[in-house]
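Okay, here's what each chain looks like letter by letter:
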Amino acid sequence: MEQKQLIRQYCQQFNISGITKSIDQLVNEAESKSMGYLDYTIHLLHTEAQYRNTRDLNKRMKIAQLPPFCDLSKYDHGFSNGLSITKLHQLEELHWMDQIYNIIFMGSSGTGKTFLSAGLCMQAIKKGYKAYFRTMDNLVSTLKMKEITRSAKAEYKRLLHAQLIVIDDIMLFPVEKKEAVSLFNFINQIYEKTSFIITTNKKPADWAQMLGDEVLATALLDRLLYQCEVISLSGKSYRLQNRKTIFKDSVNGNHFY
């Protein structure tokens, strides 16, 4: 039996997928660089470790349900929304998570709330935190179905052990009383051990109207604002300023015809 094929069989037997996929390249590199036994062994193990780290990161990114295009390294610093580069870099360091702080991004549509919150969630995942991105609708649906479906129950348990939860577009629409109570109970259960990033276009004073209960809104805000940085984003919508067009003769795609 060919030696490479024998190596592949052993790798499959011991579930060493990274080496299995790269054996040809690894052997070629070892031969071309005349690697010693120790160097080659280290190279094999490093390849496997990198493969597993990448696979694990991709899995956690998928479970996090991040929206597309949320890499903060591609953030347009030319867009003026009131958030300075210095403050953004401080947020990216995630020291606030270690202190169980919350972040609330407040502003009108298109000011970067979702992009920033998803980008920070991505940063947290890359640094090994259990971080998840959920819309308000996603979360409410999970809380409603957790006693009914296995998937919702598993999702609920996952969120209970999160170190960071992004709730996007909270209070965008009115919430029924039963769902509002479930949301409060969930946040009340974990707010002292989990950081939240909240995005909203509603001021805290408007939450009572969305929940239909001033007492409940006050109690919910009391938990979220206990250790929290509220960041107000201003300016015009980035999407409208950078809208796309199908016509090549349009300038920057900013004209309506």
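This text goes with the structure placed above it.
Residues numbered from 1 in each chain as written. Predicted model: local features only at pLDDT ≥ 70, side-chain atom pairs only at ≥ 80, totals over all residues. Heavy atoms only, no water.

## Some remarks on the pattern of salt bridges
- As enumerated under the stated definition, the model contains eight salt bridges in all.
- Close ionic contact of glutamate 48 with arginine 52 constitutes a salt bridge, the shortest N to O distance being 2.7 Å. Within this pair, glutamate 48 and its partner arginine 52 are both found in helix α3 (residues 37–64), separated by four residues, close to a single helical turn.
- Exposure remark for arginine 52: the relative accessible area of 35% places this residue in the partly exposed category.
- Residue aspartate 222 is joined to arginine 223 by a salt bridge in which the shortest nitrogen-to-oxygen separation is 3.7 Å.
- If you follow the salt bridges from partner to partner, you end up with Arg134, Glu155 and Arg158 in one network. (Salt bridge = Lys/Arg side-chain N within 4 Å of Asp/Glu carboxyl O. Helix = DSSP H or I, 4+ residues; strand = E, 2+ residues; numbered from the N terminus. Buried < 20%, exposed > 50% of the residue type's maximum accessible area, 1.4 Å probe, protein only.)

## What about a nonpolar patch on the surface?
- Nonpolar side chains collect at one region of the surface, where Leu6, Tyr10 and Phe14 lie side by side and expose about 320 Å² of accessible area between them.
- Among the secondary structure elements, tyrosine 10 is positioned in helix α1 (residues 3–13).
- For tyrosine 10, a relative accessible area of 47% gives the class partly exposed. (Patch = residues over 30% accessible without salt bridge, like charges linked within 9 Å, V, L, I, M, F, W, Y side chains within 5 Å. Areas by Shrake-Rupley, 256 points an atom, 1.4 Å probe, with all protein chains shown as cover.)

## Side note on unusual backbone geometry
- Backbone geometry places phenylalanine 69, a non-glycine residue, at a positive phi of 60 degrees.
- Secondary-structure assignment places phenylalanine 69 in the loop between α3 and α4 (85–92).
- Its identity as a non-glycine residue notwithstanding, isoleucine 100 has a phi of 55 degrees, on the positive side.
- Topologically, isoleucine 100 is positioned in the loop between α5 (95–98) and β1 (102–107).
- Judged by relative accessible area, which is 23%, isoleucine 100 ranks as partly exposed.

## Some details on the sheet that holds strand β4 (residues 195–200)
- Taken together, five strands build an open sheet; the order of strands is β2-β3-β4-β1-β5 and the sheet is parallel. Looking at strand neighbours, the two that pair on one side only are β2 (131–135) and β5 (228–233), the edges of this open sheet. Pairwise comparison of adjacent strand axes, ignoring direction, gives a mean angle of 15 degrees for this sheet.
- Two elements, β1 and β4, share four bridges in a ladder whose sense is parallel. Paired with isoleucine 104 across the strands is isoleucine 198, a residue of β4. (Pairing = 2+ DSSP bridges. Axes fitted to C-alpha atoms, helices over the stretch in contact; angles between N-to-C directions.)

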